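Here are the chains, one letter per residue:
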Amino acid sequence: MIWTLDERRYALPLAAVERVERAVAVTPFPAAPGVVCGIVNVQGQVVAVIDMRQRLGLPAREIALTDQIVLAHTARRRIAFVADAVGGVVDCADDAIVGAGLIVPVPAADFASGVVKLDDGMILIHDLDRFLSLDEELALEKALSDAY
């Protein structure tokens, strides 16, 4: 699945994506680690919203009515993040994906599992399991258990 922030395109493996929703208000959650901008209620479940702009080094901005919330999952938890837009799904052969470390400089490669070249440019394929460090994961788990 391809998504954009500030006209930059990123991708996630489709297996990690649950669904995409229209933007909703994100409730601030000060007890969570700094990379978590808040929480949303999804069918009675509290889901942490990752601040992808902060994590990817992009300037902060308010959520717009045209933004979309991507609900996804890591190996450990369900998460959400705000995208400017979701551009759909692209099917590409495994041999079209190159390891991110070979092309992308650190720290950008820290969150990427690969890079795919499409006819209209290259896209970083991100690994959501790498977006939270172990310390952030533990702090988020504690904050959620203390609050709920």
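See the structure shown above.
Quick caveat, the model's predicted, so the values are computed rather than measured.

1. Focus on the pairing of strand β4 (residues 36–42)
One face of the sheet, then the other: side chains in a regular strand alternate in exactly this way.
Here comes step 1: Burial runs high along β4: five of the seven residues are buried.
Here comes step 2: In terms of strand pairing, β4 meets strand β5 (residues 45–50) through six bridges, oriented antiparallel. By the bridge assignment, G38 is partnered in β5 with V49.

2. Side note on the pattern of salt bridges
Here comes step 1: What the rule picks out here adds up to 14 salt bridges.
Here comes step 2: Among the salt bridges present, the one from R77 reaches E137, with a minimum N-O distance of 2.8 Å. A residue pair is termed long-range when its members are at least 10 positions apart, and R77 in the loop between β6 (68–73) and β7 (78–83) and E137 in helix α2 (residues 134–147) qualify at 60 residues.
Here comes step 3: Take E137: its relative accessible area is 7%, and that puts it in the buried class.
Here comes step 4: One salt bridge connects R77 with E141, and the closest N-O pair in it is separated by 2.5 Å. Of this pair, R77 sits in the loop between β6 and β7 while E141 sits in helix α2, placing them 64 residues apart in sequence.

3. A short note on α2
Here comes step 1: Between its terminal C-alpha atoms α2 stretches 20 Å, which fits the 20 Å expected from 14 residues at 1.5 Å a residue.
Here comes step 2: Three or more residues of α2 are buried, namely E136, E137, L140, A143 and L144. One face of α2 carries all of its buried residues, which in axial projection span an arc of 130 degrees. Along α2, the residues that are exposed and aim more than 90 degrees away from the buried face are L134, D135, L138, K142 and D146.
Here comes step 3: Each element contacted by the buried residues of α2 is listed here: β4, β5 and α1 (52–55).

4. A look at the side chain of D84
Here comes step 1: For D84, the position within the fold is in the loop between β7 and β8 (85–88).
Here comes step 2: For D84, a relative accessible area of 17% corresponds to the buried category.
Here comes step 3: Side-chain polar atoms of D84 contact the side chain of R53, separated by 2.9 Å.
Here comes step 4: A polar contact is formed between the side chain of D84 and the side chain of R61, at a distance of 2.5 Å.
Here comes step 5: Contact partners of D84, with chain neighbours within four places excluded, come to T4, L5, D6, E7, R53, R61, T66 and D67.

The rules behind each value
- Residues numbered from 1 in each chain as written.
- Predicted model: local features only at pLDDT ≥ 70, side-chain atom pairs only at ≥ 80, totals over all residues.
- Heavy atoms only, no water.
- Buried < 20%, exposed > 50% of the residue type's maximum accessible area, 1.4 Å probe, protein only.
- Helix = DSSP H or I, 4+ residues; strand = E, 2+ residues; numbered from the N terminus.
- Pairing = 2+ DSSP bridges.
- Salt bridge = Lys/Arg side-chain N within 4 Å of Asp/Glu carboxyl O.
- Expected span 1.5 Å × (residues − 1).
- Arc of directions from axis to C-beta.
- Contact = heavy atoms within 4.5 Å.
- Polar contact = N/O pair within 3.5 Å; in protein donor to acceptor, adjacent residues only side chain to side chain.

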